[in-house]
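Observations on the model geometry
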There are 2 protein chains.
Amino acid sequence: MADSKDHFIGVDLGGTKILAGVFDNSLELIGTAKVSTKPERGATAVIERIDRCVRDVVDECDLSLKQIKGIGIGAPGAVDPESGKVLRAVNLGWEDVPLVKELQKKLDLPVFLSNDCSICTLGVYERELKSKPRTLAGIFIGTGIGGGLIVNGSLFDGFNHMAGEIGHMVIDVNGPKCSCGNKGCFETFASRSAIFRKIQAAIKDGQKTLLTEMLGDDLKDLRSGDLRKAIKRGDKFVEKIVEEAADYTGIAVANLINILNPEVVVLGGGIIEALENEMMPIIIKRAKESVLLGKLMGIEILASKLGDNAGITGGAVLARRETK
Amino acid sequence: MADSKDHFIGVDLGGTKILAGVFDNSLELIGTAKVSTKPERGATAVIERIDRCVRDVVDECDLSLKQIKGIGIGAPGAVDPESGKVLRAVNLGWEDVPLVKELQKKLDLPVFLSNDCSICTLGVYERELKSKPRTLAGIFIGTGIGGGLIVNGSLFDGFNHMAGEIGHMVIDVNGPKCSCGNKGCFETFASRSAIFRKIQAAIKDGQKTLLTEMLGDDLKDLRSGDLRKAIKRGDKFVEKIVEEAADYTGIAVANLINILNPEVVVLGGGIIEALENEMMPIIIKRAKESVLLGKLMGIEILASKLGDNAGITGGAVLARRETK
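Read on for a plain summary of the structure. Residue numbers run consecutively from 1 along every chain, following the written order of its sequence. Chains and ligands are labelled sequentially in the order written, the chains with letters from A and the ligands with numbers from 1. Only residues with pLDDT of 70 or above have their local features reported here, since the model is predicted, and side-chain atom pairs are shown and tallied only from 80 upward, although totals for entire chains, interfaces and linings are computed over all residues.

Turning next to the sheet that holds strand 12 (residues 264-268) of chain B. Residues and elements named next belong to chain B. What makes two strands pair is DSSP finding at least two bridges between them. Helix numbers and strand numbers start at the N terminus; a helix is a DSSP run of H or I with at least 4 residues, a strand a run of E with at least 2. The mixed open sheet is built from five strands, whose spatial order is 11-10-9-12-13. Strands at the two margins of the open sheet, each flanked by one partner only, are strand 11 (154-156) and strand 13 (300-303). Between one strand axis and the next, the sheet turns by 25 degrees as a mean value, whatever way the strands run. When strand 12 meets strand 13, the two strands line up parallel, connected through four bridges. Within strand 13, the residue paired with Val265 across the bridge is Ile301. Residue pairs are scored as contacts if the distance between their C-beta atoms, which are placed from the backbone, is within 7 Å. A fitted line through C-alpha atoms serves as each axis, taken over the contacting stretch for helices, and the angle formed by two N-to-C directions is quoted from 0 to 180°. Lying over the sheet, helix 3 (residues 116-128) contacts strand 9 (136-141), strand 10 (145-151), strand 11 and strand 12, oriented at roughly 50 degrees with respect to strand 10.

Below, the discussion takes up the interface of chain A and chain B. Chain A puts 34 residues into the contact, and the matching count from chain B is 34 residues. Counting residues per element, the side of chain A that touches chain B draws most heavily on helix 8 (residues 236-260) of chain A, at five residues. A per-class count over the side of chain A that touches chain B returns 18 nonpolar, 13 polar and three charged. We call Asp, Glu, Lys and Arg charged. Ala, Val, Leu, Ile, Met, Phe, Trp, Tyr, Cys and Pro are nonpolar, and the rest, Gly among them, are polar.

Right, let's talk about the pairing of strand 8 (residues 111-115) of chain B for a bit. All names here are of chain B. Counts of 20 or more other C-beta atoms within 10 Å of a residue's own C-beta define buried residues, counts of 12 or fewer define exposed ones, and intermediate counts define partly exposed ones; C-beta atoms are placed from the backbone. Counting buried positions over the five residues of strand 8 gives five, a clear majority of the element. Taken together, the five bridges between strand 4 (residues 68-75) and strand 8 define a ladder with parallel strand orientation. The residue bridging Ile71 from the neighbouring strand is Val111, located in strand 8.

Residue and element names in this part refer to chain B. Within the open sheet, the five strands sit side by side as 3-2-1-4-8. Their pairing is mixed. Two strands lie at the open edges of the sheet, namely strand 3 (29-36) and strand 8, each paired on one side alone. The mean angle between the axes of side-by-side strands here comes to 20 degrees, regardless of whether they run parallel or antiparallel. Sheet strands touched by helix 1 (residues 43-60): strand 1 (7-13), strand 2 (17-24), strand 3 and strand 4. Its angle to strand 3, the strand with the most contacts, is close to 145 degrees. Contacts between helix 10 (residues 310-322) and the sheet are confined to strand 1, strand 2, strand 3, strand 4 and strand 8, with strand 1 contributing the most and set at about 135 degrees to the helix.

Looking now at the relation of the copies chain A and chain B. The copies were overlaid with a least-squares fit restricted to C-alpha atoms from residues scoring a pLDDT of at least 70 in each copy. After a rotation of 180 degrees and a shift along the axis of 0.0 Å, chain A superposes on chain B with an RMSD of 0.0 Å. Viewed as a symmetry operation, the transformation between the two copies matches a two-fold axis. In this assembly, 100% of the residues forming the interface of chain A have copies in chain B that are likewise at the interface, indicating an isologous arrangement.

This next bit is on the nonpolar core. Nonpolar side chains tend to gather and get buried jointly when the protein is soluble and globular. Membership of the largest hydrophobic core comes to 218 residues, with the highest contact counts inside it found for A:Ile9 and B:Ile9. Apart from the residues within four sequence positions on either side, A:Ile9 is in contact with A:Ala20, A:Gly21, A:Val22, A:Val54, A:Val57, A:Ile68, A:Ile71, A:Gly315, A:Ala316 and A:Ala319. For this analysis, nonpolar core means a set of buried Ala, Val, Leu, Ile, Met, Phe, Trp, Tyr and Cys residues linked through C-beta atoms within 7 Å.

Residue and element names in this part refer to chain A. Inspection of the secondary structure puts Met280 in helix 9 (residues 270-290). The exposure class assigned to Met280 is partly exposed, which follows from the 18 C-beta atoms found within 10 Å. Sequence spacing of Met280 and Thr249 is 31 residues, and the spatial spacing of their C-alpha atoms is 9.4 Å.

Residue and element names in this part refer to chain B. Positive phi values are uncommon outside glycine, yet Asp108 reaches one of about 55 degrees. Within the fold, Asp108 resides in the loop between helix 2 (99-107) and strand 8. Unlike most non-glycine residues, Asn152 shows phi in positive territory, near 50 degrees. Of note, Asn152 is situated in the loop between strand 10 and strand 11. With 11 C-beta atoms packed within 10 Å, Asn152 lands in the exposed category.

All quantities given are derived from atomic positions and should not be read as evidence of function.
Shown next, in the form of structure tokens:
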């Protein structure tokens with residue numbers, strides 16, 4: 001049975017790194033491989049790197065490509081799953097890249113494409129929540145904030161495959177300028193970039209914090225985990241900044257619940273992974289206070305446990321669904 | 001064929017009035033009847049008034065109840081279509097009222113229940129848009145602001161049948177207090193109540209406006225149509241207030257598009273009916289500027305032409321769908 005096609009590969013294509021994972025038919029993770037993306041080398045070079053990363057992980061797991069039934073890949077930005085094109089990915093500098101066609105040519109395997117946050121939501125939905133909720137909203141807080149939607153058990157990506165851009169929901173019309181051109185998008189309050197920017201501005205204004213002791217005055221290499229360490233060591237300033245981000249996230253969650261009334265809202269991404277204990281209680285409290293009628297009425301607000309593997313898991317789920 | 005069941009009744013149950021309409025099998029409106037709701041008399045009395053209104057409109061159209069295949073009713077607030085109960089309707093003072101059961105007992109006909117804004121969206125979807133878009137968001141701006149969602153061709157009302165509460169999407173975390181307890185809900189900027197409140201506050205502060213000439217200093221009986229008349233007669237103050245409401249509405253529409261990416265966003269309700277020409281160009285301009293990538297990419301933003309009949313039309317659509 002060495003040649004039976006009973007494995008799936010999920011690929012998480014990010015602006016910095018490409019992560020690939022092999023999963024068995026029960027969605028158990030067998031192994032992973034990682035290469036840097038190097039988007040500055042152009043789309044053709046990046047697609048070659050994806051190809052290599054896929055071959056690496058298959059080899060690492062003592063498998064051959066013949067045992068892979070399909071590959072699911074999540075790309076950052078606007079994608080068209082039907083044509084298999086990445087329409088626009090700012091982090092990669094891509095426009096209209098026929099990713100599926102090129103990868104299929106290289107690997108001779110079925111490849112399926114979706115937006116990275118949609119695919120993370122799908123991974124959480126099927127692997128972590130066992131496909132139980134009918135409707136699920138996923139919010140992923142990292143450098144930026146993205147989201148994905150499951151409606152009636154299926155990925156929902158809307159008319160132009162652009163649903164779930166939760167980070168660009170305006171929650172303060174007079175708020176800080178966002179990279180998208182709007183003011184006061186959710187992302188300007190709670191993304192890693194927003195939190196880091198606030199901290200750096202305060203330090204410039206003379207704020208004392210353990211972070212400068214830990215990392216130097218310029219906060220070089222500041223990571224989400226450093227925020228948790230500073231809070232644990234009693235840094236009230238960092239604690240307050242993180243609490244504010246959680247509070248804004250609670251308002252955004254309430255907005256989503258008021259609009260979509262999903263059964264579950266799941267939060268993930270690097271910020272949530274690093275600061276789950278600090279942020280989740282505040283997010284849940286604020287969301288509950290802010291939803292209509294002031295009750296969650298059975299709606300659950302959870303942190304995903306999949307962490308960095310949400311994307312590759314979702315990729316495998318997508319490939320398994322599409323090759324059934 | 002006088003007794004063939006080929007007609008449907010739509011009922012729009014509001015806090016002030018009950019409107020019922022008879023539709024033929026092609027959803028052509030045959031006739032309407034209207035009675036005041038008088039919610040202060042209690043749920044039993046209101047249900048009797050709905051029964052009477054239905055009998056009146058059937059008689060008015062020279063039909064008998066035997067020729068009615070089903071009744072669809074939209075109620076303001078949270079409803080459970082499956083149990084046929086109105087869970088909570090603040091305008092009516094209702095909690096847990098078994099509306100469907102009681103009406104079926106009186107009329108001996110199948111009765112179907114949904115939220116009023118969901119049913120308006122369904123009416124616009126099937127009658128006005130010929131069921132063409134896969135996904136539709138409806139926004140109805142009257143005394144308050146409500147919404148409804150069609151996803152993949154079906155009414156989508158979420159986990160607790162409370163999806164579409166678009167009026168309580170926070171768009172300014174530091175904005176005016178809303179009746180729901182939040183600050184800066186969309187409803188606090190663009191509903192009729194919000195617009196009237198702004199006008200009244202400005203008059204108190206000495207603002208001159210044609211509205212006081214038209215209606216007296218206390219603006220007794222101010223209606224949405226008076227705003228249009230004042231603007232047409234050159235009242236720059238009223239024009240500015242209405243433009244601001246339209247601008248906030250554009251931001252709310254962009255938020256919805258960024259989250260749901262629907263094919264069509266339709267606006268209706270008394271404010272839009274009265275001020276379509278004044279508001280729609282501003283709403284569309286602002287939404288276009290505010291959506292991600294700054295392009296609507298084929299997404300249409302329309303004003304409904306169904307006006308006050310959206311609710312009864314949707315009721316007939318619901319009854320026709322459910323009795324198929």
